[in-house]
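Below, each chain spelled out in residue letters.
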Amino acid sequence: VTGVQTCALPISAATFAGSCFGAAASLYVRDILLRGPSMLAAISAFIGAGTICGAAISGRFFTRFRNPLTFVRGGMTTASASLLSFAGIRNESTALAASLVLGCGVGAVTVAAAALLQGQTPPHLRGRISGLSAAFISFAQLAALLLSGSLVTWISVPALLVFSSAVLFAAAFSVGAETG
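My aim in this report is to walk through the structure given alongside it, one point at a time. (Residues numbered from 1 in each chain as written. Predicted model: local features only at pLDDT ≥ 70, side-chain atom pairs only at ≥ 80, totals over all residues. Heavy atoms only, no water.)

## Describing the nonpolar core
Y28 and F86 are the most contacted members of the largest nonpolar core, which totals 46 residues. Sorting the residues of this core by element identifies α1 (2-32), α2 (37-61), α3 (69-88), α4 (92-120), α5 (126-154) and α6 (157-179) as the ones contributing at least two each. If one sorts the elements of this core by residue count, α1 sits on top with 13 residues. If sequence neighbours within four positions are ignored, Y28 has contacts with L33, I43, F86, I89, R90, A95, V157 and L161. (Core = buried A, V, L, I, M, F, W, Y, C linked by side-chain atoms within 4.5 Å. Buried < 20%, exposed > 50% of the residue type's maximum accessible area, 1.4 Å probe, protein only. Helix = DSSP H or I, 4+ residues; strand = E, 2+ residues; numbered from the N terminus. Contact = heavy atoms within 4.5 Å.)

Have a look at this one:
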């Protein structure tokens, strides 16, 4: 069960943070960057490109670490830093760079944590554990999508990004505390 928590928490936290950003991205582009749909499309494309890069790097290199969770924590803190960049430095170049970095971090977390989950789960439990992990991820996404609109109304888009960053950063340290 500890292995499941160790792997499901980072994927769920990354999903929560990414979904918070996804829900507020159009508001960020409209209200912060003062741009339109083409900028939103560019941000989405950069996140997608970053995700592919992060996933490829994670799949290739994470097993070379003595403790592969280091790669998971690194991806989480990378994504967390990108969300802070969105919140604090409000220009198009930074938004595009932060989009690429966000994608890299989320891709690294997702692939590394899924591989660790597979490796830590006994073969006869893999189907059940994968289903449980998918439920955590789905819940994190649903919670983020439901909460984001209210949070933006109460605080602001930049504050939501800081909150999402804090959730991700706290989860990274939680994973570090579990594994020593």
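Structure shown, so let's carry the discussion forward.
## Remarks on the side chain of S164
As for its placement among the helices and strands, S164 is situated in helix α6. Apart from the residues lying within four places of it in its own chain, the contact partners of S164 are A17, C20 and L83.

## Describing the packing of α2 against α4
Where α2 meets α4, the axes come as close as 6 Å, and the angle between the chain directions of the two elements is 35°. By crossing handedness, the relation of α2 to α4 is classed as right-handed. Of the residues belonging to the contact of α2 with α4, the class tally is 16 nonpolar, eight polar and one charged. (Axes fitted to C-alpha atoms, helices over the stretch in contact; angles between N-to-C directions. Left-handed = near helix turned anticlockwise from the far one by under 90°. Nonpolar A, V, L, I, M, F, W, Y, C, P; charged D, E, K, R; others polar.)

## Remarks on the environment of I129
When you line up the elements, I129 lands in helix α5. Taking C-alpha positions, I129 is 8.9 Å from Q118, a pair spaced 11 residues apart along the chain.

## Observations concerning the side chain of T15
When you line up the elements, T15 lands in helix α1. Once you skip the residues sitting within four places of it in the chain, T15 turns out to touch I137, A140 and Q141.

## With respect to the pattern of salt bridges
The full count for this structure, using the stated rule, is two salt bridges. In this structure, R35 and E92 form a salt bridge, with 2.8 Å as the shortest nitrogen-oxygen distance. Residue R35 is located in the loop between α1 and α2, and its partner E92 is located in helix α4; the two are separated by 57 residues in the primary sequence. Classification of R35 as partly exposed rests on a relative accessible area of 32%. By relative accessible area, which is 34% here, E92 ends up partly exposed. (Salt bridge = Lys/Arg side-chain N within 4 Å of Asp/Glu carboxyl O.)

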